[in-house]
Amino acid sequence: MFTKLKEIELRYKELERLLSDADVVGKPSLYQRYAKEHSDLQELVETHRQYEKVKEHIVEDQKLLKENDEELKEIIKEELPALRESLAGLEEQLTFLLLPKDPNDERNVFLEIRAGTGGDEAGLFAGDLFRMYARYAELFRWQVEIISSSPAGGMGGFKEIIALVEGKGAYSKLKYESGVHRVQRVPVTEAQGRIHTSAVTVAVLPEAEDVEVNINPNDLRIDVYHSSGHGGQSVNTTDSAVRITHLLTGLVVTCQDEKSQLKNKAKAMKVLRARLLDIMVTKQNTEISETRKSQVGSGDRSERIRTYNFPQGRITDHRIGLTLYNLENFLNGDIQPVIDALTTHYQAEALKQSANAKV
């Protein structure tokens, strides 16, 4: 590990030199590439430097213990346990930072929420989850743009809503939210106060770049039709809605939220690219190793990941056995504690797998 860290330190210093080189500064694309690599290595290098400082401090203290100054020895004896604890913590942090990064972590995401079993109640909860994620996005000043939506009916909520969440690290924060979210509560239409169980499916897909997913226009069928729903009379009198069918996979994407047919087509193509990338990555993960699947989840949308129990004010994440009793705050966007716990859990799993691979 430390040999690799020394190599990274040398590369970091080389990048600092390159970023001040006039020839590199004059080439924006090259400068940007070096600047990103420098930024990606910064936390690791700074943590390693801090580790080396603490390590040197311990070595110096151990030398001073051999001196005859008893008062100084007492001070050092009190200091050393904290320094050793700090060193162990920094070493663990370095191990985490050296784990292979998910290349999608910094990307924007497509958030797809669909009502499952439970009728109107599932639609209402789909709306609740969308508001929860939108409020969470506000904390990071991410932009949330609705790509398409299908209202659930007169009671509110959605049969389906797809949104683009734009912001640094959006995928790294939201990637563990994919799966089935189960809600247990008394519906507003329930006269006898019985608790009903409903389900909503969430899918989080990293936004794909054009170069990653090459789509042959001949593999697409594009239909245009009258928009329905919100948008006003002008929308309903033009063929602005777009439905794109990818003939090879059977994937269908529709978009009608914009008045412009071209804008709807562009949005629908973005969603299609993200879904095709998801299929490609899932296939690669399956072919490469089963252990990788355990890190990011199987991708099976039928997997129940969390239960929201209203009578008890409880949220339970079934993957890590975590239960919290702050349902109201959670649905208002305070989901970071669970996201942190999930991230820590999957990092620990990745560490175990990394250690086992070396044995």
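This structure is a prediction, so every number in the text was calculated from the model and none was measured.

Here is what the cut-offs are and how they apply
Residues numbered from 1 in each chain as written. Predicted model: local features only at pLDDT ≥ 70, side-chain atom pairs only at ≥ 80, totals over all residues. Heavy atoms only, no water. Buried < 20%, exposed > 50% of the residue type's maximum accessible area, 1.4 Å probe, protein only. Helix = DSSP H or I, 4+ residues; strand = E, 2+ residues; numbered from the N terminus. Pairing = 2+ DSSP bridges. Axes fitted to C-alpha atoms, helices over the stretch in contact; angles between N-to-C directions. Parallel < 35°, antiparallel > 145°, perpendicular 65-115°, else oblique. Left-handed = near helix turned anticlockwise from the far one by under 90°. Nonpolar A, V, L, I, M, F, W, Y, C, P; charged D, E, K, R; others polar. Contact = heavy atoms within 4.5 Å. Phe/Tyr/Trp six-rings, centres within 6.5 Å; stacked < 30°, edge-to-face > 60°. Lys NZ or Arg CZ within 6 Å of the ring centre and 35° of its normal. Core = buried A, V, L, I, M, F, W, Y, C linked by side-chain atoms within 4.5 Å. Expected span 1.5 Å × (residues − 1). Bend = angle between axes of the 7 residues up to and from the residue.

A. The arrangement of the pairing of strand 1 (residues 109–115) in detail. Counting buried residues along strand 1, five of its seven residues qualify, which places the element largely inside the surrounding structure. As paired strands, strand 1 and strand 3 (residues 158–166) are joined by six bridges and run antiparallel to one another. In the strand pairing of strand 3, V109 is matched with V165. With seven bridges connecting them, strand 1 and strand 5 (residues 196–206) associate as antiparallel partners. When the sheet's bridge partners are listed, R114 is paired in strand 5 with T201.

B. Here's a closer look at the sheet that holds strand 7 (residues 241–246). An order of 6-7-8 is seen for the three strands of this open sheet, with the pairing classed as antiparallel. Looking at the sheet topology across the chains shown, the edges are occupied by strand 6 (220–225) and strand 8 (251–255). The average undirected angle you get between the axes of adjacent strands in this sheet is 15°. One ladder, built from five bridges, connects strand 7 with strand 8; its direction is antiparallel. Bridge pairing links R243 to T254 in strand 8.

C. Spatial organisation of the packing of helix 3 (residues 28–64) against helix 4 (residues 70–97). Between helix 3 and helix 4, the least distance of the axes is 9 Å, while the angle of their chain directions is 155°. With respect to their mutual orientation, helix 3 and helix 4 come out roughly antiparallel. Crossing of helix 3 against helix 4: the hand is left-handed. Here the contact of helix 3 with helix 4 is composed, by residue class, of 13 nonpolar, seven polar and seven charged.

D. How the structure looks around the environment of V45. Structurally, the position occupied by V45 is in helix 3. C-alpha separation for the pair V45 and L5, spaced 40 residues apart in sequence, amounts to 7.8 Å. Contacts of V45, omitting those with residues within four sequence positions, involve I8, E9 and Y12.

E. Main features of the packing of aromatic side chains. Applying the stated criterion across every chain, the model contains seven aromatic pairs. Note on F130 and F158: the rings are 6.1 Å apart at their centroids and 80° apart in plane angle, and the pair reads as edge-to-face. Taken as a pair, F130 in helix 5 (residues 120–139) and F158 in strand 3 lie far apart in primary sequence, 28 residues in all. Across the pair, F158 and F130 agree in class, each one buried. Between the aromatic rings of Y136 and F140, the centroid separation amounts to 5.1 Å while the plane-to-plane angle is 70°, which identifies the pairing as edge-to-face. Each residue in the set F125, Y308 and F330 is aromatic and connected to the rest through ring pairs, giving one cluster. Just above the ring of F310 sits the side chain of R185; from NZ or CZ to the centre is 4.7 Å.

F. Representation of the nonpolar core. Counting residues in hydrophobic clusters, the biggest one holds 34 residues, and the most contacted among them are I113, L129, M132, Y133 and Y308. Listing elements by their share of this core, those giving two or more residues are strand 1, helix 5, strand 3, helix 6 (170–174), strand 5, helix 10 (327–331) and helix 11 (336–358). With eight residues, the top contributor of residues to this core is helix 5. Residue contacts for Y308: discarding those within four places in its chain leaves F125, L129, M132, H181, R182, V183, Q184, R314, I315, L327, F330 and L331. Residues V24, I58, I76 and L87 belong to the second largest nonpolar core, which totals 23 residues.

G. Summary view of helix 3. In this model helix 3 runs 52 Å from its N-terminal to its C-terminal C-alpha over 37 residues, within 8% of the 54 Å that 1.5 Å per residue would give. The principal kink in helix 3, of about 40°, is found at Q42. What helix 3 keeps buried is the set L30, Y34, H38, L41, L44, V45, T47, H48, Y51, V54, I58 and D61. Where helix 3 is buried, its residues touch helix 1 (2–19), helix 2 (22–25) and helix 4.

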